[in-house]
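# Analysis of the macromolecular model
Here's the letter readout for the chains.
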Amino acid sequence: MKRLGYERYGAQGGDWGAFVSPELGRVDPDHVVGVHVNAATMGFIPFGPVGAEELATFTDAEKLRLERRNNFMADGYGYFQIQATRPQTLAYGLTDSPAGQLAWIVEKFKEWSHPSEALPEVAIDRDHILTNVMLYWLTGTAGSSARTYYENMHSAAWAQEPGATPTGVAVFAEDVAIRRYGERGNNIVHWSEFGRGGHFAAMEAPDLLIGDVREFFRPLRGQASRS
């Protein structure tokens, strides 16, 4: 961004972007004015079991998110383990079968959109879903996309130093982020919770996501212009 002439800039990301964006704030704090994330997981959720004493301090919303995380680890984590350990084996099947590629991706649209018990096209336009799958299929990138998980699990750990960059978090109805855990490694100055939208907030609830991004960065833009 500096080479393009931007001395100060912000970063926004969901899912993998919620891993990458906070790291940008850590590695380039002199230029990153702020970080906004949604669909945040690692670094924003408890790692391992939560003891009874700590659980007693949880709000009802936090308990629901913890239950959602536990259900995911028990019954929804298989795709991650396959991609993180045998991405090439999976790639042959998905590259050989458009129906296989469609099923692999649409299952996640179904499970992670809001409400998760409904068909995914209730939350996201069917053409958008098919376009997303088509891009994987036509480019033959099932293997490279799966390797993202493999490389992450077999590389050095992400930075563990707490970040000082101002951070905003948007939590949608199907998300699992819990503020107390996010504050351990991030300088959270903005936290929003919404009763609709899910993991794919940019497609499910773009009005809420865009509004929250603007609200978070508005005061930081003023700081950037004075620097």
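Residues numbered from 1 in each chain as written. Predicted model: local features only at pLDDT ≥ 70, side-chain atom pairs only at ≥ 80, totals over all residues. Heavy atoms only, no water.

## Some thoughts on the overall build of the protein chain
This is how it is decided: By the criteria applied, helices consist of DSSP H or I runs no shorter than four residues and strands consist of E runs no shorter than two, each listed in order from the N terminus. Here the radius of gyration uses the C-alpha set of atoms, whereas the globule reference equals 2.2 Å times the residue count to the power 0.38. Categorising residues by exposure relies on relative accessible area from a 1.4 Å probe, with only protein chains included: less than 20% of the type maximum marks a residue as buried, more than 50% marks it as exposed, and the intermediate range marks it as partly exposed. Two residues form a contact once any of their heavy atoms are found within 4.5 Å. Accessible surface is estimated by sampling points in the Shrake-Rupley manner with a 1.4 Å probe; for residues, cover comes only from the protein chains shown.
Scanning the protein chain from terminus to terminus reveals 11 helices and 4 strands. In terms of overall dimensions, the protein chain is globule-like: its C-alpha atoms have a radius of gyration of 18 Å, near the 17 Å expected for 227 residues. A principal-axis box enclosing the C-alpha atoms of the protein chain has dimensions of 55 × 50 × 35 Å. Counting all 227 residues of the protein chain, 40% fall into the buried class. Expressed as a percentage of contacts within the protein chain between residues at least 6 apart in sequence, the contacts between residues at least 24 apart total 64%. As presented, the protein chain carries roughly 12900 Å² of accessible surface, and 56% of it is formed by carbon and sulfur atoms.

## Comments concerning helix α4 (residues 78-85)
Quick reminder of the rule: Think of the arc as the fan of directions from the helix axis to the C-beta atoms.
Of the residues making up α4, those classed as buried are Tyr79, Phe80, Gln83 and Ala84. Buried residues of α4 fall within an arc of 120 degrees about the axis and therefore sit on the same side. Looking at the buried residues of α4, the elements they touch are α3 (60-75), α5 (87-96), α6 (98-112) and α8 (142-153).

## Observations concerning the side chain of lysine 108
Tracing the chain through its elements places lysine 108 in helix α6. The exposure class of lysine 108 is buried, given its relative accessible area of 12%. Contacts of lysine 108, omitting those with residues within four sequence positions, involve Gly76, Tyr79, Ser113 and Phe200.

## Things to note about the packing of aromatic side chains
Aromatic ring pairs: the centre-centre distance and the angle between the two ring planes describe each pair. The criterion, for reference: Within 6.5 Å between ring centres, the rings of Phe, Tyr and Trp (the latter by its six-membered ring) count as paired, and their orientation is classed by plane angle as stacked under 30 degrees, edge-to-face over 60, tilted in between.
For the structure on display, the rule yields 15 aromatic pairs. Taking the centre distance of 6.3 Å and the plane angle of 65 degrees together, the rings of phenylalanine 58 and tyrosine 181 count as edge-to-face. Of this pair, phenylalanine 58 sits in the loop between α2 (52-55) and α3 while tyrosine 181 sits in helix α9 (residues 179-182), placing them 123 residues apart in sequence. You'll find phenylalanine 58 and tyrosine 181 in the same group, each marked buried. Seen in terms of ring centroids, tryptophan 112 and phenylalanine 200 are 6.2 Å apart; in terms of plane orientation they differ by 25 degrees. Their pairing is stacked. Of this pair, tryptophan 112 sits in helix α6 while phenylalanine 200 is found in the loop between β4 (187-193) and α10 (201-204), placing the two residues 88 residues apart along the sequence.

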